[in-house]
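An overview of the molecular structure
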Amino acid sequence: MNKIIEAINQAVGEAQRRAASATAAADIEQIRIDYLGRNGLFPELSRQMGSVPPEERKDTGCAFNAGRQAIQQAMDDAAAKLTAGKAEKFTGIDVTLPGRAPRTGHRHPISQLADECVAIFSRLGFTAMEGPELEDVYHNFDALNTPADHPSRDLQDTFYLTDGRILRSQTSPVQIRVMETHEPPVRIVAPGRVFRRDTPDATHGMNFHQIEGLYIDRNVSLADLKSVLQYFAREMFGKDVKIRLRPHFFPFTEPSVEYDFSCVVCGGKGCNVCKNSGWIEIAGAGMVDPNVLKTVGYDPEVWSGYAFGLGIERLAMLRNHIPDLRLLYDNDVRFLQQF
Amino acid sequence: MNISREWLNQYVALNCDDATLCRKLTTAGIEVEKVESDSTVPAGVVAARILDRQVHPNSDHLSVCQVSDGKETLQIVCGAPNCDAGRIVPLAKIGTEFHTEEGDFKIKKSKLRGVESSGMMCSAAELGISDDNSGLMILDESIALGTPIADLYRGDTRIEVEVTPNRPDWLSMYGIARDVSCLLNEKATLPEVKLEESTVANDALVTVEAPDLCPRYIGRLIKNVKIGPSPAWLVKRLESVGLRAINNVVDVTNFVMMELGQPLHAFDLAKLSGGRVVARRAKDGEKITTLDGRNFTLSSENLVIADDTKPMALAGIMGGENSCVSDTTTDVLLESAVFNATNIRFSSRRLGISTDASYRYERGVDFDMAEFASRRAAQLILETAGGVQACAPCEKSADRPAEPVIVCRFERIRNLIGTPTTNEEMVDIFRKLHLKVDEITETSCRVTAPLFRLDLTREADLAEEVARINGLDQVPEVPVKGTVCHPVTEDAYRKLKTIRDAVIDAGFTECVNYSIIGNSTALTDGRFDENDLVKLANPLSPEVAVMRPSLFGTTLGTVERNIAHGNRELAIFELGKAFCANPEKFPEERFELMLLLSGHPHAERFSQEARVEYDFFDLKGEIEALFARFGITRYRFVKLENDNRFEPGFAAKIEIDGKVVGAAGKIAQKFVTWRNASGVYLAQIEAQAFFDAERYVRREFKALPQFPASNRDVALLASADITHAEITEFIRRSHVANLESVKLFDVFSDEKLAKENLCSMAYTLTFRRADRTLTDAEINQAVDKLRERLEKELKLTLR
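Bear in mind the structure is a predicted one, so any value in this text is a computation, not a measurement.

Focus: the overall build of chain A
Scanning chain A from N- to C-terminus turns up 12 helices and nine strands. Taken over C-alpha atoms, the radius of gyration comes to 40 Å for chain A, far larger than the 20 Å a tight globule of 339 residues would show. Each of the three principal axes of chain A carries a C-alpha extent, and together these read 115 × 45 × 45 Å. Taking all 339 residues of chain A together, the buried fraction comes to 54%. Long-range contacts, defined as pairs at least 24 residues apart, comprise 67% of the intrachain contacts of chain A with a sequence gap of at least 6. A total accessible area of about 15,200 Å² is found for chain A, and carbon and sulfur atoms account for 52% of it.

Written out as structure tokens, the structure reads:
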């Protein structure tokens, strides 16, 4: 055993004794300085390592490392003993303090519903298209087979601009714009804002949002329309929802239907929302009128198709049980952040 | 349109209950909106026979009866004196709910003085059938046990239906009866009219000078009528559909209109100068006072019924005050006419009068019905007001319009509605709807529509009839099929959703505002003036009359309302359309993105942290993060002066590739109408900038660095006028060798520096090469060169 190893063993013993009797953190720090610090024993020994004969170097090195570790261990144990005694005094952080909340965004219920509608119809191969909100009378009425004296054209129902154009009263003009620019088959939805000259109340606003659907192809039937709406109803409100078609009238479809969903609130038993009928009117639809097809240059003998329209606000109100449409346009963040 | 069940029943036997009738109406397209039944008898009360009556063991006025409803025998304790065995009486079974003026109650199984009772036998008064409360209501022996009493004493039911504009033929009891007859497989019959016509001709009674506007006019003269109240049956009919009784003659005209859909008018002959009527265009400026006392000035576009001198009625809309039937009337001229629908609609709209008559005329009345209705009304006037027909009816008619003839290809109809309806079924439906069908072959038939079905002109219209009468519930559900028609890249919604998603991900709450706003709200955004606004010709009110030129005005309102409600922490946005009438400023319609921050980013925390408020750089950071997400890198924030939206000195315009795409800053104090609020930071960005970027964003892989970077710090004293951007731009243009990035890490100023208009700025320069580790010497050389240029060319002092 050489001198260095002796010195190491001695130092380890000393250090362990000192560590065992340490009463303060300063005592442990002094041990570190004396043995492991830059001017301490171990760096000094390390410098002497060169004088060790080569055959002893391996053992000496091992002893050196083991000694250093033993001292470090003694210091750690002592430190742990010191803190253990003080454990009840060190409280750490108060984990019950309020966390730092990241800001969370909220999608407006109208957008949520529009997004979902578009997503559902996208899965069926519909592409979303858009059209202007400042629309001409031709696209909003004439091309949609609306008689020149149809009440919907009245000043009290439709907003007119000073240049004779209008604020579109429906998303249906997008049908015309798409058919004018695309050869059949076409398969689109058109979500967007529409305007009616209604004084805002619980169920009306100056504007609201619709999503229009249009599919023109060979041999499209009312059964196809019904099936797509049934698919939509189930995707939107769950697998138990039923739909009911009722005959109705729209100038741009023939046959025309209105479609109802079985009440999404009471499941069809009857409640306030469905006025005890068990059904909720969702919107209008039908087979595209041959006159409309002719207007855009489609041959009604070859092509047929369906169109439908949904009110986004109505869906949002139904699904989220929102009692008053005005809440949707009031933008109170306490309301918006519920969704 | 109101339907009275009792009244409807006069024309078609209603062999079903109210619920079934309403369901059938709705599924056939006559949508029932409201049902009101007069019936007071609750469901659950049935006819039952008293089998046995015993004296109650514990009472001298109660009886214990065994009662059978035909299915079961129940023990009922009864206090009525007449509950004799053998009688058939109404029995309210357990569960029956009574709704009375005193309150609601439900029949339950109970014990009366110790004896069990399973129901209640009822008096007529208890069922609301009469006032008789002296004992049990005794029913006729012929009534089958178990019959619901509500079926026996139903009262009338008023059904309110929505009639679509294509079906004016549904605007009468008989018209509804015609469709109901098809739905219930019963025959619809017109009322019987027996009228002895006078043989005295009076061709001068009616003159039609405008046959284009009045294709048919039938006038009758009834003399010596006695005006008075209508008989009870007539009053009841009118009231059952919500009309008010006036006098016998007027009531008859209203009754026949509701019965047959043909509006009628009665003139007081004594008030007609010349004793005749002329259907003519009004002279320009001609005036009339209608019988509701309103004055109108007419033009040649209005049709009037005039006497020799002046208008006596607005044809098809309302009679004149000067010619109406009154208590003193003795002779009546009865009008039954067909007017041009478009013209009536025009006049009604222009003059702002809508009546039951104009409502029917503008939708189109049945050319053929005018004659029958005239006879029917004459008969009823004679019956209720007496008098005699002074002459034969005077009719002036254009040619009867041709009935539309439609070729119906059976296969085509099946293809359109997707049901396997057979040829025979289709023909049957058409016939039941009173359509004429002939030339039936294997593949098609010819359908002639009567004149009351103005809506049937094409094959598609017949398809609707088949679908409607068959029931749309018969349309099968088939697997969803369809062609993929458009590439997804055409999808217009995706680009909006991409922006919306990004902003919501960043923690903003979405707002949606109306896009029609007030002039003053619109002009709060000083970028726009009056001429830039898209204006409405017919606003709901003058205060809400223009399309928003930007989202600024409505956003101010949103903030104000929220702060008024105590919502001080706002991170909101709107992505919406804005409109501009001036193409030099903006496209007519464009999407704008508005971002807004106000309040405290960490109000949920405490102490100093909770008091920190959003500032300009929070907003700028959000915008930069958004740009990064869209791959927009070549943008700049440039100090914005003279913009009324923002507080001077706290605003920037945002440029991408040198083009202004928006602005951001602190909202000018003058707009802050709310109290105790933090600063409000708002950005408006043209959504087009994102659309453009999104379309071309391509993220390309860049190799990760293989060699370490080295940093050098440079601190400099700059004039406070020089911007961070100018310094970094200068460094960028200096093309310092191997410089990878420049980062500001400190800005410092104290009183002493401020006095000299100086500011200390410290930057970390990061150097790196892709192919090797840089040596200290070459980095130092580069930094020294840069320091020299900064001192010389930018006149900065390096520290």
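Topic: the interface of chain A and chain B
Contacts between the two partners involve 96 residues from chain A and, on the opposite side, 89 residues from chain B. Summing both partners gives a buried area of about 8,000 Å² for chain A against chain B, and 53% of it is carried by carbon and sulfur. For the pair chain A and chain B, the number of links is 13 salt bridges. Two residues, A:Asp330 and B:Arg561, come together in a salt bridge whose shortest N-O distance is 3.1 Å. On inspection of chain A and its partner chain B, the count reaches 56 residue pairs in polar contact (both at pLDDT 80 or more). Top element by residues in the side of chain A that touches chain B is helix 8 (residues 222-237) of chain A. It accounts for nine residues. Taken together, the residues of the side of chain A that touches chain B break down into 43 nonpolar, 26 polar and 27 charged.

Details of the sheet that holds strand 39 (residues 758-767) of chain B
Residue and element names in this part refer to chain B. One open sheet accounts for four strands, arranged 38-39-37-40; its pairing is antiparallel. What marks the edges here is a single partner per strand, and that holds for strand 38 (739-748) and strand 40 (797-798). Pairing between strand 37 (residues 710-719) and strand 40: two bridges, direction antiparallel. Counterpart to Leu716 in the pairing with strand 40 is Leu798.

What to know about the domain arrangement of chain A
Each assigned domain of chain A is listed here: domain 1 (3-89) and domain 2 (109-336). The distance between the C-alpha centroids of domain 1 of chain A and domain 2 of chain A comes to 83 Å.

Description of the nonpolar core
Ranked by size, the top nonpolar core spans 116 residues in total, and within it A:Tyr259, A:Phe308 and B:Phe430 carry the most contacts. No other element matches the nine residues that helix 8 of chain A contributes to this core. Not counting chain neighbours up to four residues away, the residues in contact with B:Phe430 comprise B:Cys408, B:Leu435, B:Val437, B:Cys445, B:Val447, B:Leu462 and B:Val466. Within the second largest apolar cluster, 54 residues are counted, among which are B:Leu184, B:Met257, B:Leu264 and B:Leu334.

Structural notes on the pairing of strand 4 (residues 186-195) of chain A
Residues and elements named next belong to chain A. Most of strand 4 is tucked away, with 10 of its 10 residues classed as buried. Burial of the side chains of strand 4 extends over both faces: Val186, Ile188, Ala190, Gly192 and Val194 are buried on one face and Arg187, Val189, Pro191, Arg193 and Phe195 on the other. Here strand 1 (residues 127-128) pairs with strand 4 via two bridges, running parallel. Looking at strand 4, one finds that Ala128 is bridged to Val189. Note that strand 4 and strand 5 (residues 207-217) share 10 bridges and pair antiparallel. From the neighbouring strand, Arg187 faces strand 5, where its bridge partner is Tyr215.

Side note on the environment of A:Gly164
All names here are of chain A. As for its placement among the helices and strands, Gly164 is situated in the loop between helix 6 (137-140) and strand 3 (166-167). Gly164 sits in the partly exposed class, given a relative accessible area of 39%. Each C-alpha atom of the pair Gly164 and Val52 lies 106 Å from the other, and the pair is 112 residues apart in sequence.

Re unusual backbone geometry
Leaving glycine aside, a negative phi is the common case for residues, and trans is the common case for peptide bonds. Cis geometry marks the peptide bond from A:Pro184 to A:Pro185, where omega comes out at 0°. For A:Pro185, the location among the structural elements is in the loop between helix 7 (173-181) and strand 4. In the segment running from A:Glu254 into A:Pro255, the intervening peptide bond is cis, with an omega of -5°. Counting through the fold element by element, A:Pro255 comes out in strand 7 (residues 253-262). One non-glycine residue, A:Asn219, adopts positive backbone phi at about 55°. Relative to the helices and strands, A:Asn219 is located in the loop between strand 5 and helix 8. The class of A:Asn219 is exposed, set by a relative accessible area of 52%. At B:Arg113, a residue that is not glycine, the phi angle is positive and equals roughly 50°.

Here we look at the sheet that holds strand 28 (residues 509-510) of chain B
Whether parallel or antiparallel, the strands of a sheet pair through hydrogen bonds between backbone atoms. All names here are of chain B. Spatial strand order, 28-31-32-36-35-34-33: seven strands in an open sheet with mixed pairing. The open sheet terminates on both sides in strands that have one partner only, identified here as strand 28 and strand 33 (635-639). Note: strand 31 (residues 570-579) against strand 32 (residues 589-598), 10 bridges, orientation antiparallel. In the strand pairing of strand 32, Ile572 is matched with Leu596.

Some thoughts on the pattern of salt bridges
All names here are of chain B. Tallied over the entire structure, the rule returns 89 salt bridges over all chains. The partner of Asp461 in a salt bridge is Arg458, and the shortest N-O contact between them spans 3.0 Å. Taking the shortest distance from any N to any O, the salt bridge between Glu592 and Arg590 comes out at 3.4 Å. Comparing Glu592 with Arg590, the two get one shared label, buried.

Looking at the packing of aromatic side chains
Residue and element names in this part refer to chain A. Inspection of every chain in the model, using the stated rule, returns 26 aromatic pairs over all chains. Relative to Phe64, the ring of Phe42 has its centre 5.2 Å away and its plane inclined at 55°; by these criteria the two rings are tilted. Here Phe42, found in helix 3 (residues 41-48), pairs with Phe64, found in helix 4 (residues 54-85); they are 22 residues apart in sequence, far enough to count as distant. The pair formed by Phe42 and Phe64 is uniform in burial state, with each residue classed as buried.

Let's talk about helix 4 (residues 173-184) of chain B
Because the α-helix completes a turn every 3.6 residues, residues three or four places apart line up on one side. Residue and element names in this part refer to chain B. With 12 residues, helix 4 should cover 16 Å at 1.5 Å per step; its first-to-last C-alpha distance of 15 Å lies within 8% of that length. With 12 of 12 residues buried, helix 4 lies mostly within the body of the structure. Within helix 4, burial applies to Met173, Tyr174, Gly175, Ile176, Ala177, Arg178, Asp179, Val180, Ser181, Cys182, Leu183 and Leu184. One or two residues past the end of helix 4 sits Asn185, with phi positive at roughly 55°.

Observations regarding the domain arrangement of chain B
Residue and element names in this part refer to chain B. Each assigned domain of chain B is listed here: domain 1 (2-32 + 162-184), domain 2 (45-152), domain 3 (203-397), domain 4 (405-472), domain 5 (492-696) and domain 6 (710-798). Put simply, the middle of domain 1 and the middle of domain 4, counted by C-alpha atoms, are 21 Å apart. Contacts between domain 1 and domain 4 engage 12 residues on the former and 10 residues on the latter. Roughly 970 Å² is buried in total at the junction of domain 1 and domain 4, and carbon and sulfur atoms are behind 54% of that figure. Among the residues domain 1 hides against domain 4, the three largest losses belong to Arg167, Arg178 and Cys182. Together they make up 48% of the total. Across the contact surface, domain 1 and domain 4 share one salt bridge. Between Arg468 and Asp179 there is a salt bridge; the shortest N-O distance is 2.8 Å. Put simply, domain 1 and domain 4 have two residue pairs in polar contact (both at pLDDT 80 or more) between them.

Looking at helix 10 (residues 312-320) of chain A
Residues of helix 10 of chain A that are buried include every one of A:Ile312, A:Glu313, A:Leu315, A:Ala316, A:Met317 and A:Leu318, and no others. Residues of helix 10 of chain A that are buried sit in contact with helix 5 (109-123), strand 5, helix 8, strand 8 (279-288), strand 9 (304-311) and helix 11 (326-330) of chain A.

Focus: the confidence of the model for chain A
Residue-level pLDDT values for chain A average 90, and 98% of them are 70 or greater. Mean pLDDT values for the elements of chain A range from 83 in helix 3 of chain A up to 97 in strand 2 (residues 134-135) of chain A.

Topic: the environment of A:Thr60
Residues and elements named next belong to chain A. In this structure, Thr60 sits in helix 4. Judged by relative accessible area, which is 0%, Thr60 ranks as buried. Taking the C-alpha atoms as reference, Thr60 lies 19 Å from Glu14; in sequence the two are 46 residues apart. Excluding anything up to four places from it in sequence, Thr60 contacts Asn2, Ile4, Ile5, Ile8, Met49 and Val52.

Cut-offs and rules
- Residues numbered from 1 in each chain as written.
- Chains lettered and ligands numbered in written order.
- Predicted model: local features only at pLDDT ≥ 70, side-chain atom pairs only at ≥ 80, totals over all residues.
- Heavy atoms only, no water.
- Helix = DSSP H or I, 4+ residues; strand = E, 2+ residues; numbered from the N terminus.
- Rg over C-alpha atoms; globule rule 2.2 N^0.38 Å.
- Buried < 20%, exposed > 50% of the residue type's maximum accessible area, 1.4 Å probe, protein only.
- Contact = heavy atoms within 4.5 Å.
- Areas by Shrake-Rupley, 256 points an atom, 1.4 Å probe, with all protein chains shown as cover.
- Buried area = accessible area lost by both parts, 1.4 Å probe.
- Salt bridge = Lys/Arg side-chain N within 4 Å of Asp/Glu carboxyl O.
- Polar contact = N/O pair within 3.5 Å; in protein donor to acceptor, adjacent residues only side chain to side chain.
- Nonpolar A, V, L, I, M, F, W, Y, C, P; charged D, E, K, R; others polar.
- Pairing = 2+ DSSP bridges.
- Domains from an automatic or database assignment.
- Core = buried A, V, L, I, M, F, W, Y, C linked by side-chain atoms within 4.5 Å.
- Phe/Tyr/Trp six-rings, centres within 6.5 Å; stacked < 30°, edge-to-face > 60°.
- Expected span 1.5 Å × (residues − 1).
- pLDDT = per-residue confidence, 0-100.

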